Amino acid sequence: MPASLRSRPALSLLALTAVAGVAAAPAAEPVPFGGLEWLGSAELPPQTRHAGRPVGGLSGLAWNAEDGTFWALSDDRGEFGPVRLYRLRVDLADGRLEAGDVEVAGELLLADLDGRPFAARGLDPEGIALGGGSLYLSSEGDADAGIAPFVAEAGLDGRVRRYFELPEAYLPAGGERGVRWNLGFESLALSRDGDWLYTATENALVQDGLAADVGVASLARILRFPLDRPAAPEEIAYRVEGVRAAPREPSAFRINGLNDLVDLGGGRLLALERQFVDGVGNEVRLYRAEWGRATPVGGRAALGDGAVEPAPKELLLDFAALGVELDNFEGMALGPRLADGRRLLLVVSDDNFNPRWQRTLFFAFAVDEAPATIARIQGAGHRSPLEGRWVFDVEGVVTAIVDTRSLAGFWIESERPDGDPATSEGLFVEWEGASTLAPGRRVRLHGRVIEAAADPRQLPVTRLAPTAVVPLDGEAELPPPPRLGRDLRVPFTVEDDALERFEPERDALDFWESLEGMRLELPGGVVIGPTLRYGELVLLPEGAEAPRRTTPGGVRLEPAGAPRERMLVSGRIHRLPQASVGARVAGPVRGVVHYDFSSYKLIATEPLAVEPAAAARCGAPTRLRAEPGRLTVASFNAENLSAAGPPERFEEIGRVVAERLGAPAILALQEIQDDSGPADDGVVTSARTLTLLERAIAAAGGPRYEPIWIDPEEGREGGQPGGNIRVALLVDPLRARIARRGDPGPLDGARIFARGGSPELLPSPARVAPTAPAFTLGEGEGVRRSLAVELEVDGEPLFLVVNHWSSKWDDDRDFGARQPPAKPTGAKRRAQAEVVRTWVEEILAIDPEARVAVLGDLNEPEWAPGVSRLAEPPLENLILRLPEPERYTFNFEGAGQVLDHVVVSPALAGGAEIEILHLNSDCPDSLRTSDHDPVVVRFR
């Protein structure tokens with residue numbers, strides 16, 4: 001601005017008129033602004049020059065459709081060359097913005113009303129707009145030097161045609177009034193219909209309040225000048241956020257300001273706020289502000305002259321979420337349409353002609369003009385078609401709220417479904433402030449669409465990470481939830497096309513995905529999986545098919561898999577009652593469908609009414625008690641038992657062994673951890689753990705057992721990391737004698753010798769082929785090596801092999817991300833079965849009448865290949881003597897199955913009796929001592 005205009009308003013063709021009442025919204029319809037996708041960034045190389053002058057200080061952008069370039073205003077105040085703007089070509093032909101995609105195509109020198117170059121330091125150019133054959137400019141001026149800010153219209157030749165009249169409140173006056181230094185008119189935007197020109201102060205005017213500071217917001221003003229009639233600018237207040245980070249030095253520089261605007265029509269403005277804190281760096285946020293809902297403040301000398309309601313605004317995008325280093329972003333503009341029909345939004349940073357420390361960066365975004373609905377976010381598939389994008393104005397009704405350590409947020413559902421059964425109408429919103437809402441509340445959301453999975457083996461859950469959650473007024477009317485079994489049936493096939501086609505009507509995996517986040521109603525039914533510590537139970541709804549039932553009313557696992565219509569019910573919102581298998585749940589059961597730990601489940605939104613199970617046997621003792629001439633042997637997975645765990649576990653297990661198992665002569669144990677438990681501290685021995693257990697059994701009235709175990713190699717045998725689980729044996733020395741030979745280590749195998757026509761082990765106890773490939777750690781979880789022991793009972797040798805074969809941890813789950821699921825652990829168990837079988841055959845080759853028992857947790861049911869191979873004649877799996885409804889030792893997600901087996905030689909099979917004590921698998925965690933049922937065998 002000319003020096004003669006430093007202390008008074010610029011000459012204007014527009015007369016000043018008073019403005020009162022509510023600010024009227026522009027007539028133009030709003031630009032559809034459904035979402036943004038980041039398309040990348042490009043940096044103008046440092047030291048870039050054009051026409052011999054440095055290119056820098058780019059503070060404003062405008063799109064010129066006539067020549068297909070962006071015009072970028074430099075904030076050079078005439079110190080590095082004439083006041084100028086640049087024409088930039090931006091190449092997005094490949095749909096991405098990358099290095100080299102922005103080039104300087106030309107420049108335009110600016111001139112004042114007289115056609116002369118602006119005087120050096122006579123202005124501070126910051127904002128630019130283009131339209132109607134005119135170029136519009138804004139300058140911050142220099143309040144400290146008494147140079148007034150201005151807004152001007154120029155021709156496309158760069159020469160100023162006129163200055164817009166500014167109210168006196170904006171003109172600097174000795175630090176008592178007007179714009180602050182460096183906090184004036186940074187922004188400029190033309191309305192969509194060409195009738196209005198917007199600008200704004202970066203912070204509050206001196207008389208309006210404080211500038212933004214750490215924790216201190218500032219009331220800036222937004223002005224709009226009418227271009228179709230002579231009138232004073234209309235004005236509203238805008239709240240600039242406080243600085244969000246304190247500098248390391250209290251006196252160090254910090255700033256947050258309103259740096260640019262884009263008009264979206266309908267009274268909506270995009271507002272770019274940029275923060276800088278010395279020693280901390282930049283933050284950049286994009287808001288949407290509503291002009292028409294703010295108090296008009298035109299003509300006010302100071303905002304303190306009356307009540308002021310600033311423009312409501314909502315955060316759309318925090319640039320920190322882009323995960324890249326930010327800079328001093330000051331300009332933005334909507335550009336051309338992209339190849340896919342979306343529109344470009346370009347944002348630029350101002351390097352302040354300081355290329356050593358700052359950069360000229362361009363960020364490109366694609367503006368999605370289609371409305372963002374829940375169904376569109378979910379899409380017809382397992383991943384959202386909008387994944388990674390920011391979506392705006394997503395409306396729905398809150399259906400459920402969750403606040404747990406592992407999951408916090410709320411679910412919404414659409415009031416206006418799209419009618420496509422393949423697209424879910426529900427969505428989870430990940431937000432820690434969900435407790436401020438209530439079910440039934442209507443909300444409007446802005447945020448980023450993410451697909452979250454706990455690990456690569458699990459399917460992702462479509463979620464919204466909100467930038468703004470806006471409660472809405474009005475009553476919510478949602479349709480009733482669909483009813484499973486009546487409105488919907490679950491397909492039997494999990495997935496038949498490796499996730500290549502999305503077919504909810506054919507594949508159960510796709511069926512549940514089409515309901516993800518939605519409300520669902522189940523009829524009542526029977527509990528087939530007890531309430532566990534995770535706060536879940538498994539329900540078999542009334543009318544669902546499950547041909548293989550257990551005695552209490554549960555379901556046995558079939559080779560084809562578990563019943564498809566079973567439903568895991570979660571108590572994340574309403575705590576579930578402690579229910580045993582066979583308990584009945586009164587319907588209807590309502591909740592929202594969610595996915596985690598490779599399973600779809602219903603998170604109950606109402607308390608469950610449960611009738612206790614009539615046939616639960618959580619405390620029943622064995623009927624196979626010790627008798628003269630009879631030997632009792634039991635097998636029990638103690639579920640990560642360690643001296644580092646709670647002392648009461650030892651007391652509980654001690655009572656189970658002494659009372660429920662009838663104090664068997666021999667007890668085979670699995671999952672005995674080292675003495676420090678799941679701590680990776682170099683401890684491997686389980687001496688103290690087994691001592692505590694034998695003492696607890698004796699204290700409960702049982703015998704003083706003699707423990708047998710071999711410490712494993714550290715970190716080689718699986719289980720919880722650091723736990724070093726192993727198998728062990730407890731022997732009552734009054735009923736059996738241990739034949740101890742040698743001092744074996746973890747890799748010493750029990751060799752079989754013939755002595756006088758009878759087999760003998762050396763060493764004993766020892767391990768079964770511990771260096772065989774089947775028992776050597778390769779890919780995945782470690783392998784518990786089997787323990788072989790020779791005992792003497794009533795003067796006769798007895799050979800025991802205690803096992804804990806490879807778990808299914810490394811298998812893909814049926815409802816996991818990889819389809820068809822890979823099941824590599826079956827081959828491992830088959831190999832382990834072959835090794836153990838061969839070892840037993842060596843004994844029987846010496847003495848076909850030898851007494852041999854192979855027992856423990858074999859980690860697969862009786863019909864699986866590994867167990868089937870082990871139990872081929874002449875060996876027998878005693879489990880098969882039990883009625884089918886009793887054949888289960890473990891319950892996984894509602895399917896009872898035998899994992900714990902006793903396979904014996906012919907000499908032991910005759911007259912043998914077996915019983916599974918269902919102390920745990922049918923029972924809720926509150927009544928359990930382990931997750932496996934013990935098995936008791938009585939031999940003659």
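Residues numbered from 1 in each chain as written. Predicted model: local features only at pLDDT ≥ 70, side-chain atom pairs only at ≥ 80, totals over all residues. Heavy atoms only, no water.

A. Representation of the overall build of the protein. For the protein, the helix and strand inventory stands at seven helices and 52 strands. Going through the 940 residues of the protein one by one, you find that 59% of them count as buried. As displayed, the protein offers around 35,800 Å² of accessible surface, 51% of which is attributable to carbon and sulfur atoms. (Helix = DSSP H or I, 4+ residues; strand = E, 2+ residues; numbered from the N terminus. Buried < 20%, exposed > 50% of the residue type's maximum accessible area, 1.4 Å probe, protein only. Areas by Shrake-Rupley, 256 points an atom, 1.4 Å probe, with all protein chains shown as cover.)

B. Quick look at the nonpolar core. Counting residues in hydrophobic clusters, the biggest one holds 35 residues, and the most contacted among them are Ile666 and Leu729. It is strand β44 (residues 787–793) that contributes the most residues to this core, four residues altogether. For Leu729, the contacting residues outside a window of four places in its chain are Ile666, Leu667, Ala668, Glu706, Pro707, Ile708, Leu787, Val789, Leu800 and Val802. Counting residues in each nonpolar core, the second largest holds 32 residues, with Leu459, Leu515, Met518 and Val569 among its members. (Core = buried A, V, L, I, M, F, W, Y, C linked by side-chain atoms within 4.5 Å. Contact = heavy atoms within 4.5 Å.)

C. A look at unusual backbone geometry. A cis amide bond links Gln819 with the next residue in sequence, Pro820, at an omega value of -5 degrees. With omega at 15 degrees, the peptide bond leading from Pro873 into Pro874 counts as cis. Structurally, Pro874 is set in the loop between α6 (865–870) and β47 (876–877). Despite not being glycine, Arg121 shows a phi value in the positive range, around 65 degrees. Assignment of secondary structure puts Arg121 in the loop between β7 (102–109) and β8 (125–131). Positioned with a positive phi, Leu499 is a non-glycine residue whose angle comes to about 65 degrees. Overall, Leu499 belongs to the partly exposed group, its relative accessible area being 29%.

D. Highlighting the sheet that holds strand β28 (residues 519–522). Taken in spatial order, the eight strands of this open sheet run β28-β33-β34-β31-β30-β29-β32-β35, and their pairing is mixed. The sheet is open, and its two edges are formed by β28 and β35 (609–611), each paired on a single side. Strand-to-strand twist of the sheet, defined as the mean angle between neighbouring strand axes without regard to direction, takes the value 45 degrees. Sheet topology places strand β30 (residues 536–541) next to strand β31 (residues 567–570); four bridges connect them, and they run antiparallel. By the bridge assignment, Leu539 is partnered in β31 with Met567. (Pairing = 2+ DSSP bridges. Axes fitted to C-alpha atoms, helices over the stretch in contact; angles between N-to-C directions.)

E. Region of the structure containing the sheet that holds strand β16 (residues 254–265). With antiparallel pairing, the four strands of this open sheet are ordered in space as β16-β17-β18-β19. A single partner strand is all that each edge strand has here, and the edge strands are β16 and β19 (313–318). Neighbour-to-neighbour, the strand axes of the sheet open up by a mean angle of 25 degrees, direction not taken into account. As paired strands, strand β18 (residues 281–290) and β19 are joined by five bridges and run antiparallel to one another. The residue of β19 that forms the bridge with Arg288 is Glu314.

F. Inspection of the layout of surface pockets at higher detail. In this structure, the second largest pocket spans a volume of roughly 640 Å³. Lining the second largest pocket are 32 residues, with Asn182, Asn328, Glu330, Asn352 and Gln358 sitting closest to its centre. Among the secondary structure elements, those contributing two or more residues to the lining of the second largest pocket are β17 (268–277) and β18. Grouping the amino acids of the lining of the second largest pocket by side-chain chemistry returns nine nonpolar, seven polar and 16 charged. (1 Å grid on protein atoms, 1.4 Å probe; cavity = no way out; pocket = protein on both sides within 12 Å on 5 of 7 lines; lining within 4 Å. Points joined across faces, edges and corners; volume = space filled by probe spheres on them. Nonpolar A, V, L, I, M, F, W, Y, C, P; charged D, E, K, R; others polar.)

G. Quick look at the packing of helix α3 (residues 647–660) against helix α4 (residues 687–699). Running from N to C, α3 and α4 cross one another at 55 degrees; their axes reach a closest spacing of 8 Å. Looking at the two axes, α3 sits oblique to α4. Like other packed secondary-structure pairs, α3 and α4 cross with a definite hand, here right-handed. On α4, the residues touching Phe650, Glu651, Ile653, Gly654, Val657 and Ala658 of α3 are Thr689, Leu692, Leu693, Ala696 and Ile697. A class-by-class count of the residues in the contact of α3 with α4 yields eight nonpolar, two polar and one charged. (Parallel < 35°, antiparallel > 145°, perpendicular 65-115°, else oblique. Left-handed = near helix turned anticlockwise from the far one by under 90°.)

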